[in-house]
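Listed below are the residues making up each chain.
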Amino acid sequence: RGEGSPATPGGALRLAAKARRLELFSRLIEGAISGIALLAVIFALRHSHNPLEAAIGLVVGLAIGIVWLERILLRRVQFEAQSGISDDYLSAMRRVRVRESRLGQFVWIVLSLELIFLIPWWVVGSRVHSRRLTDPGSLLTMWLPIAVFVALFIWSLRLGRRAKLEIKAIDAMRAEYHGVDRSIGSRS
């Protein structure tokens, strides 16, 4: 095999470094989505029209914060559990894909929580403000967030689906490798 191959020490180190960068990117995306979702609720709460909207907004903001904290704690537990495992390429890539799959699920949870609050907020706000696409206030507070939610939802579906397919492929490669490894050990 060539020098850039995963079978060489240099190739394996490069691939492991790439896996760590992908994990970091996943954490950054998760933090950005959580922060933006919380900021959206906070800004919307400033314009809530009744106490029920404010209560729903507070519960949704708290739920988003709890889900985010749970993800951080889960990541720490996984890191501690995997510290004894060798950091070969397949296990590193599997961790990345599991994290991507969970990131997709996290996005669905955050978007669902956001919609629980924003749908009533939009309904009440649309009675006071225009719903037309040409109105800048309506465009920024209703139509742009809806477009961002749809784009994030589609992205997270694709991310989760791709990650699950790659996890299956990695598991199949590991099973094949361990099958070959056992057959070699039984011959000697």
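These numbers were taken from a predicted model, which means no experiment stands behind them. (Residues numbered from 1 in each chain as written. Predicted model: local features only at pLDDT ≥ 70, side-chain atom pairs only at ≥ 80, totals over all residues. Heavy atoms only, no water.)

Notes on the overall build of the chain
The criterion, for reference: Under the scheme used here, helices are H or I runs from DSSP no shorter than 4 residues and strands are E runs no shorter than 2 residues, and both carry numbers assigned from the N terminus. Contacts are assigned to residue pairs that have any heavy atoms within 4.5 Å of one another. Calculation of accessible area relied on Shrake-Rupley with a 1.4 Å probe; when residues are assessed, cover is drawn exclusively from the protein chains displayed.
Along its length, the chain carries four helices and zero strands. Listed by position from the N terminus, the elements making up the chain come as α-α-α-α. In the chain, 76% of the contacts between residues at least 6 apart in sequence involve partners at least 24 apart. Carbon and sulfur atoms make up 68% of the accessible area of the chain, which totals about 12,000 Å².

A closer look at the pattern of salt bridges
As a reminder, the rule being used: Every case where a carboxyl oxygen of Asp or Glu lies within 4 Å of a side-chain nitrogen of Lys or Arg is listed as a salt bridge. Burial status follows relative accessibility: with a 1.4 Å probe on protein chains alone, a residue under 20% of its type maximum counts as buried, one over 50% as exposed, and anything between as partly exposed.
Applying the stated criterion to the full structure yields six salt bridges. One salt bridge in this structure joins Arg 97 and Glu 100, with 3.0 Å as the shortest N-O distance. Here Arg 97 and its partner Glu 100 are both found in helix H3 (residues 89–128), three residues apart, which amounts to about one turn of the helix. You'll find Arg 97 and Glu 100 in the same group, each marked buried. A salt bridge links Glu 166 to Arg 97; the shortest N-O distance between them is 2.4 Å. Taken together, the residues span a long stretch of sequence, with Glu 166 in helix H4 (residues 136–187) and Arg 97 in helix H3 at a distance of 69 residues. What you see here is one network of salt bridges that share partners, running through Arg 97, Glu 100, Arg 162 and Glu 166.

Overview of the nonpolar core
How we decide: In these notes, a set of buried Ala, Val, Leu, Ile, Met, Phe, Trp, Tyr and Cys residues joined through side-chain atoms within 4.5 Å is what counts as a nonpolar core.
Of all hydrophobic cores here, the largest spans 21 residues; its most connected members are Val 60, Ile 64, Val 110, Phe 117, Leu 118, Trp 121 and Trp 122. Mapped onto this core, the elements with two or more residues apiece are helix H1 (9–45), helix H2 (51–82), H3 and H4. By residue number, the principal contributor to this core is H3, which donates 10 residues. With near-sequence residues (within four places) excluded, Trp 122 lies in contact with Leu 115, Thr 141, Met 142, Pro 145, Ile 146 and Phe 149. Counting residues in each nonpolar core, the second largest holds six residues, with Leu 90, Ala 92, Met 93 and Ile 170 among its members.

A short note on a nonpolar patch on the surface
Which entries qualify depends on this criterion: Residues forming no salt bridge and having over 30% relative accessible area are the ones grouped into patches, like charges within 9 Å of each other and nonpolar side chains (Val, Leu, Ile, Met, Phe, Trp, Tyr) within 5 Å.
On the surface, a nonpolar cluster with roughly 300 Å² of combined accessible area is contributed by Leu 39, Ile 42 and Phe 43. Looking at the secondary structure, you find Ile 42 in helix H1. Assessed through its relative accessible area of 47%, Ile 42 is described here as partly exposed.

A short note on the environment of Leu 90
Along the polypeptide, Leu 90 turns up in helix H3. Separated by 71 residues in the primary sequence, Leu 90 and Ala 19 place their C-alpha atoms 9.7 Å from one another. Residues within four places of Leu 90 in sequence aside, it is in contact with Ile 170, Met 173 and Arg 174.

Considerations on the confidence of the model for the chain
Stated precisely, the cut-off is as follows: You can read pLDDT as the predictor saying how much it trusts each residue, on a scale of 0 to 100.
When pLDDT is averaged along the chain, the result is 77, and 74% of the positions lie at 70 or above. Counted against residues more than four places away or in other chains, residues 83–87, with its pLDDT under 50, gives four contacts.

Remarks on the side chain of Glu 53
Relative to the assigned elements, Glu 53 resides in helix H2. Not counting residues up to four positions away in its chain, the partners in contact with Glu 53 are Leu 45, Ser 48, Phe 117, Pro 120, Trp 121 and Val 124.

Structural notes on the environment of Arg 71
Operational definition: Polar contacts, as used here, are pairs of N or O atoms within 3.5 Å; protein pairs need one atom able to donate a hydrogen and one able to accept it. Residues neighboring in sequence count only if both atoms are side-chain atoms.
Looking at where Arg 71 falls in the secondary structure, it is placed in helix H2. Excluding residues that lie within four positions of it along the chain, Arg 71 makes contacts with Glu 30, Arg 99, Arg 102, Leu 103 and Phe 106. For Arg 71, the side chain forms a polar contact with the side chain of Glu 30, separated by 2.6 Å.

What about the side chain of Ser 101?
Among the structural elements, Ser 101 can be located in helix H3. Residue contacts for Ser 101: discarding those within four places in its chain leaves Gly 160, Ala 163 and Lys 164.

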